[in-house]
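Structural characterization, general
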Amino acid sequence: MLFIVVFCVLQDKYKRALADTENLRQRSKKLVEDAKLYGIQGFCKDLLEVADVLEKATESVPKEEIKDDNPHLKNLYEGLVMTEVQMQKVFKKHGVTKLNPVNAKFDPYEHEALFHAPMEGKEPGTVALVTKVGYKLHERTLRPALVGVVKGA
């Protein structure tokens, strides 16, 4: 009789140890997967500032100035545009996507509200203006979009 009790206790401890080991294995596997996905997060955050500067540089050139009679400006502009396009391709390849939420519902996980303003014809709680685009790495927000939100009347 004592043998059966000891056997049951040992069997229970064995099963618990197996379950604990399996849980640890699964948690470790998840941590490794997350490290592979999000290990470049810091590097990506630093590159976002470069992407912003490129975007501002291309936006600041007046379109009417880009002509064949001004080849230096035209070549510089085209080079900036190509660099910006290539950077966005690299971002996409590594799972970084741009967030430009104009007219989307405000989401505090993806957007940072800078101000609220009443606006005719727009539903309260929607994004009316984006002052700085945001970015996500896979499903994780790298930088929230800086937005203005429509306020209710």
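Once a new chain begins, its residue numbering starts again from 1 and follows that chain's sequence as written. Only residues with pLDDT of 70 or above have their local features reported here, since the model is predicted, and side-chain atom pairs are shown and tallied only from 80 upward, although totals for entire chains, interfaces and linings are computed over all residues. Side-chain descriptors were evaluated using all non-hydrogen atoms of the structure, hydrogens and water having been removed beforehand.

Definition used for salt bridges: Asp or Glu carboxyl oxygen within 4 Å of a side-chain nitrogen of Lys or Arg. One pass over the full model with this rule turns up 11 salt bridges. Among the salt bridges present, the one from D68 reaches K74, with a minimum N-O distance of 2.6 Å. Throughout this description, buried means an accessible area under 20% of the type-specific maximum (1.4 Å probe, protein chains only), exposed means over 50%, and partly exposed covers the range between. For D68, a relative accessible area of 62% translates into the label exposed. Its relative accessible area of 23% is what places K74 among the partly exposed residues. Here the residues in one salt-bridge network are E49, D52, K132 and R143, joined through shared partners.

Here we take up the packing of helix α2 (residues 41–60) against helix α3 (residues 71–93). Fitted lines through C-alpha atoms serve as axes, helices being fitted only where they are in contact, and the angles separating the N-to-C directions of these axes extend from 0 to 180 degrees. Only DSSP runs of H or I with at least four residues qualify as helices, and only runs of E with at least two residues qualify as strands; both kinds are numbered from the N terminus onward. Where α2 contacts α3, the axes come no closer than 9 Å and their chain directions differ by 145°. Of the two elements, α2 crosses α3, and the hand of that crossing is left-handed. Contacts between α2 and α3 involve L47, L48, V50, A51, L54, E55, A57 and T58 from the former and Y77, L80, V81, T83, E84, M87, Q88 and F91 from the latter. Split by residue class, the contact of α2 with α3 holds 11 nonpolar, three polar and two charged. What makes a crossing left-handed is the near helix being turned counterclockwise from the far one by less than a right angle; a clockwise turn instead makes it right-handed. Contact between two residues is taken to exist if any of their heavy atoms lie within 4.5 Å; hydrogens are not considered. Residue type decides the class: Asp, Glu, Lys and Arg count as charged, Ala, Val, Leu, Ile, Met, Phe, Trp, Tyr, Cys and Pro as nonpolar, and the leftover types, Gly among them, as polar.

A helix is expected to span 1.5 Å multiplied by its residue count minus one. The end-to-end C-alpha separation of α3 is 33 Å, in line with the 33 Å expected for 23 residues at 1.5 Å each. The set of residues buried in α3 consists of Y77, E84, M87 and F91. On the buried face of α3, the contacting elements are α2, β1 (96–99) and β4 (134–137). Count one or two residues on from α3 and you reach G95, which has phi positive near 90°.

Confidence scores labelled pLDDT are given residue by residue by the predictor and lie between 0 and 100. On average, residues of the protein chain score 90 in pLDDT, and 99% of them are at 70 or above. When mean pLDDT is compared element by element in the protein chain, β4 scores highest at 95, while helix α1 (residues 2–38) scores lowest at 88.

The rule for pairing is simple: two strands pair if DSSP sees at least two bridges between them. On the basis of which strands lie adjacent, the open sheet formed by three strands has the order β1-β4-β5 and antiparallel pairing. At either margin of the open sheet sits one strand with a lone partner, and together these are β1 and β5 (140–143). Within this sheet the neighbouring strands show an average axis-to-axis angle of 35°, counted without direction. As defined by bridge partners, β1 adjoins β4 across four bridges and the pair is classed as antiparallel.

Mapped onto the fold, S28 is located in helix α1. Its relative accessible area of 34% is what places S28 among the partly exposed residues.

This brings us to the packing of aromatic side chains. Note on aromatic contacts: the rings of Phe and Tyr and the six-membered ring of Trp form a pair at centre separations within 6.5 Å, being stacked when their planes are under 30 degrees apart, edge-to-face when over 60 apart, and tilted otherwise. Enumeration over the complete set of coordinates arrives at one aromatic pair. Look at F91 and Y135: their rings are 5.7 Å apart centre to centre, the planes differ by 75°, and that puts the pair in the edge-to-face class. With F91 in helix α3 and Y135 in strand β4, this residue pair connects regions lying 44 residues apart in the sequence. Here Y135 falls in the buried class, since its relative accessible area comes to 0%. One residue, R140, lies across the ring of Y38, its end atom 3.7 Å from the ring centre. For a Lys NZ or an Arg CZ to count as sitting over a ring, it must be within 6 Å of the ring centre and within 35 degrees of the ring normal.

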